[in-house]
Amino acid sequence: AVEENAFDHDVIVVGAGFAGLYTVIHAARRGLRVHGIEAAPGVGGTWFWNRYPGARCDVESIDYSYSFDPELEREWRWSERYATQPEILRYLEHVADRFEARTHYSFNTRVTGASWDETAQCWHVDTDDGRRATAAWLVMATGPLSTPIVPEITGRDSFAGQILQTSAWPSEPVDFTGKRVAVIGTGASGIQVIPLIAEDAAEVVVYQRTANYSVPAFNFDLDDAEWATQQTGLARRRELSWKSPAGSPWSSHLEPFADLDDEAREAVFNEAWQRGGVLFAKAFRGQTIEREINDAARDFFERKLAERIANDTTRSALTPVGHALGTKRICTDSGYYETYNLPHVHLVSLRTEPITEMTPAGITTTAGAREFDIIVYATGFDAMTGALTSIEIRGRDGRLLRDEWADGPITLLGVGLPGFPNLCVLNGPGTPSVFANMALTSEQQGRFALELIDYCTNAGYSSAEARADAAEAWTQHTQDVAHATLFGSSDSWYTGANLPGKARAFLPYAGGFDQFCARAEAVIDNGFTGFVLSER
Ligand code: NA7
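Residues numbered from 1 in each chain as written. Predicted model: local features only at pLDDT ≥ 70, side-chain atom pairs only at ≥ 80, totals over all residues.

### Digging into the sheet that holds strand β16 (residues 374-377)
Here comes step 1: Strands sit in the order β7-β16-β8-β9-β12 across an open sheet of five strands; the sheet is parallel. Strands at the two margins of the open sheet, each flanked by one partner only, are β7 (162-165) and β12 (345-349). Between one strand axis and the next, the sheet turns by 20 degrees as a mean value, whatever way the strands run.
Here comes step 2: Bridging between strand β9 (residues 203-208) and β12 involves five bridges; their strand directions are parallel. Counted as the bridge partner of V204 is V345 from β12.
Here comes step 3: Where helix α5 (residues 188-200) meets the sheet, it contacts β8 (180-184), β9, β12 and β16, and its direction lies at approximately 170 degrees from that of β8. (Pairing = 2+ DSSP bridges. Helix = DSSP H or I, 4+ residues; strand = E, 2+ residues; numbered from the N terminus. Axes fitted to C-alpha atoms, helices over the stretch in contact; angles between N-to-C directions. Contact = placed C-beta atoms within 7 Å.)

### Description of the packing of helix α14 (residues 438-459) against helix α16 (residues 513-525)
Here comes step 1: Two numbers describe how α14 lies on α16: the axes approach to 11 Å, and their chain directions differ by 10 degrees. Considering their axes alone, α14 and α16 lie roughly parallel with respect to each other. Crossing handedness for the pair α14 and α16: left-handed. Listed contacts from α16 to T441, Q444, F448 and E451 of α14 are F513, C517, A520 and I524.
Here comes step 2: Here the residues of the contact of α14 with α16 are counted per class, giving five nonpolar, two polar and one charged. (Parallel < 35°, antiparallel > 145°, perpendicular 65-115°, else oblique. Left-handed = near helix turned anticlockwise from the far one by under 90°. Nonpolar A, V, L, I, M, F, W, Y, C, P; charged D, E, K, R; others polar.)

### Section: α5
Here comes step 1: In α5, a bend of some 30 degrees at I194 exceeds every other bend along the element, and P195, a proline, comes one to four places later.
Here comes step 2: Counting buried residues in α5 gives 10 out of 13 residues, a clear majority hidden from the surface.
Here comes step 3: Residues of α5 that are buried include every one of A188, S189, G190, I191, Q192, V193, I194, P195, I197 and A198, and no others. (Bend = angle between axes of the 7 residues up to and from the residue. Buried ≥ 20, exposed ≤ 12 C-beta atoms within 10 Å, placed from the backbone.)

### Looking at the site of the ligand
Here comes step 1: Taken together, 19 residues are adjacent to the ligand, and P151, G185, G187, T210 and G380 come closest.
Here comes step 2: In terms of residue count, the dominant contributor to the shell around the ligand is α5 (three residues).
Here comes step 3: Of the residues assigned to the shell around the ligand, the class counts are seven nonpolar, 10 polar and two charged. (Near = placed C-beta within 6 Å.)

### Quick look at the UniProt feature "domain: FAD/NAD(P)-binding" (unreviewed entry) in the chain
Here comes step 1: Taken from the UniProt record, the annotation "domain: FAD/NAD(P)-binding" (unreviewed entry) applies to residues 9-213.
Here comes step 2: In residues 9-213, the share of helix is 24% and the share of strand is 24%. The end C-alpha atoms are 46 Å apart. (UniProt positions renumbered as here; feature names shortened; annotations may be inferred.)

### A short note on unusual backbone geometry
Here comes step 1: Of note, the phi angle at E100 is positive, near 50 degrees, even though the residue is not glycine.
Here comes step 2: Along the polypeptide, E100 turns up in the loop between α4 (85-98) and β3 (105-106).
Here comes step 3: With 11 C-beta atoms packed within 10 Å, E100 lands in the exposed category.
Here comes step 4: At L413, a position not held by glycine, the phi torsion is positive, near 55 degrees.

### Some words on the nonpolar core
Here comes step 1: Counting residues in hydrophobic clusters, the biggest one holds 159 residues, and the most contacted among them are V11, L21, V139 and V183.
Here comes step 2: If one sorts the elements of this core by residue count, α14 sits on top with nine residues. (Core = buried A, V, L, I, M, F, W, Y, C linked by C-beta atoms within 7 Å.)

### So, the environment of A235
Here comes step 1: Looking at where A235 falls in the secondary structure, it is placed in helix α7 (residues 234-242).
Here comes step 2: Between the C-alpha atom of A235 and that of A367, which follows or precedes it by 132 residues, the distance is 57 Å.

### Digging into the sheet that holds strand β13 (residues 355-358)
Here comes step 1: One open sheet holds the three strands; their spatial order is β13-β14-β15, and the pairing between them is antiparallel. The two strands at the open ends of the sheet, each matched to only one other strand, are β13 and β15 (368-371). On average, each strand axis in the sheet is inclined to that of its neighbour by 20 degrees, with strand direction left out of account.
Here comes step 2: With four bridges connecting them, strand β14 (residues 362-365) and β15 associate as antiparallel partners. Bridge pairing links T364 to A369 in β15.

### Some remarks on helix α8 (residues 262-275)
Here comes step 1: Counted at 1.5 Å a residue, the expected span for α8 with its 14 residues is 20 Å, and the 20 Å between its end C-alpha atoms agrees.
Here comes step 2: Taken together, the buried positions of α8 are occupied by R265, V268, F269 and A272. Projected down its long axis, α8 carries its buried residues within an arc of 95 degrees, all on one side. Turned more than 90 degrees away from the buried face of α8 sit E263, A264, A267 and Q274, all of them exposed. (Expected span 1.5 Å × (residues − 1). Arc of directions from axis to C-beta.)

### Some remarks on the environment of C517
Here comes step 1: Within the secondary structure, C517 is located in helix α16.
Here comes step 2: When the C-alpha atoms of C517 and K243 are compared, they prove to be 8.6 Å apart, with 274 residues separating the residues in sequence.

### A word on the pairing of β8
Here comes step 1: For β8, a buried count of four out of five residues is recorded, marking the element as mostly surrounded by other parts of the structure.
Here comes step 2: Relative to β9, β8 runs parallel, the two sharing five bridges. The residue of β9 that forms the bridge with R180 is E203.
Here comes step 3: Taken together, β8, α5 and β9 form a β-α-β motif whose crossover is right-handed.
Here comes step 4: Here β8 runs beside β16; their pairing, made up of four bridges, is parallel. Note on β16: the bridge partner recorded for V181 is I374. (Right-handed = clockwise from strand over helix to strand, strands pointing away.)

### Quick look at the packing of helix α1 (residues 18-29) against α14
Here comes step 1: Running from N to C, α1 and α14 cross one another at 40 degrees; their axes reach a closest spacing of 8 Å. Classed by the angle they form, the pair α1 and α14 counts as oblique. Here α1 runs over α14; the crossing is right-handed. When α1 is examined against α14, the residues F18, A19, Y22, T23, H26 and A27 are found in contact with a partner set consisting of M438, A439, S442, E443, Q445, G446, A449 and L450.
Here comes step 2: In the contact of α1 with α14, the residues fall into eight nonpolar, five polar and one charged.

See below:
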């Protein structure tokens, strides 16, 4: 039975990852009656689900943490330059405890629908336990990469061995010892998990659709001296991060590419390479805009690949084609390419050898059948829109979000949706979040929503809704910015190309976190320009 008004809240926040947790904590601090709803049994979001061996963040730990409380910053001691999933999860659990966030949450509860009630000016939120909660505001902090996709393959479900998914990994450790393992997918997750599986497995076969760019992490333990140095520099790091395009303190080389000779360029690429991981994607300013700079970075990358992979055929198959360096998220690895030098690790390129079917014994491609004990899917997500379109979200006049976004999402600064009053989406399409440090973008996004709520509450407005023309302008701007770079012409989950049938549109905002923050702050300062604020 549906319980009407089982809850009565100012704001419901869906999700307990970085963004949801921040928003719940700060809504409570602002005196709002807040209720959080989370499908998982605990906090963590991405860091709850993606607990496969090797899962790590590609932003440095010191930066990938909340900045809102200096005491929290001081008391939490990260152990490595790039934190592992268990450590980030422990951090978020610590934050939840420290700020008593869990008391506001219903865990193990999945939102199935939400509908705007024009008469009562509130949202009714339905959950899979048959309850209905009501709140004036609804904040969707459901994550940009939280709806996994498992490819449709003939006979997929007939496989008789063990099936694993990086994004829904079992909580108990998996024993790969002596097992024949297939891994499908070579994005960030595949590239992290493959070397660790290969340590124990008897045989690993990797099925690759698109070769990716991956750069070594150069990870290290944060010893006391390094930690002390990082702590001393933290305030500066934060300042630089908030003013940077990617929310991190590292910037591109200052001298223009065109002003340097080959030797000097090589030195710049070398330095960026040694810094590790995603930072190589922005060795020079304009590297993902100008083809000449990107080609030079790619050339450097390919020469590194030659040092890392012994076999010419394997190296050729692992060499990216068709997308510019950095236009799919560059991966950060620990020994990924070197894994292919091991005799029991094999690569199957699906471009030359597509899968025809799965059988109880294994995987068949056009070149023949292979038998496995375990198949691991590292096949990605219905990115940025999937978590929202999979929920029945009905706005004004019963408009269904899934239908409104059939040709691609339309948002004002990502957060506001025309036709959906009092609904705030965090880290969604139209935001730079997936290009940036999500710890900081989550703070920025959560604060924007809470500023809007406070502004309306204090001024006596019962609803706020993005104006259709303002949202169309922002959405167009998002497309224009992307198409002025090399991102626009490269297929990826940024463009919807990873999922057959998904509308093609450039989903994130590629204009930079700093630019985005400046625009968002101006909107707040000017009384939420672009939003229609209404009294009951
Ligand atoms: P990604 O980066 O979306 O990677 C998914 C991988 O799975 C990628 O290599 C895909 O190839 C591949 N894939 C997807 N569908 C198929 C099918 N049908 N057959 C074969 N291979 C397939 O997800 P991750 O979890 O690795 O990382 C997500 C983000 O987390 C990452 O970008 C970082 O921001 C952190 P494709 O390249 O689409 O051809």
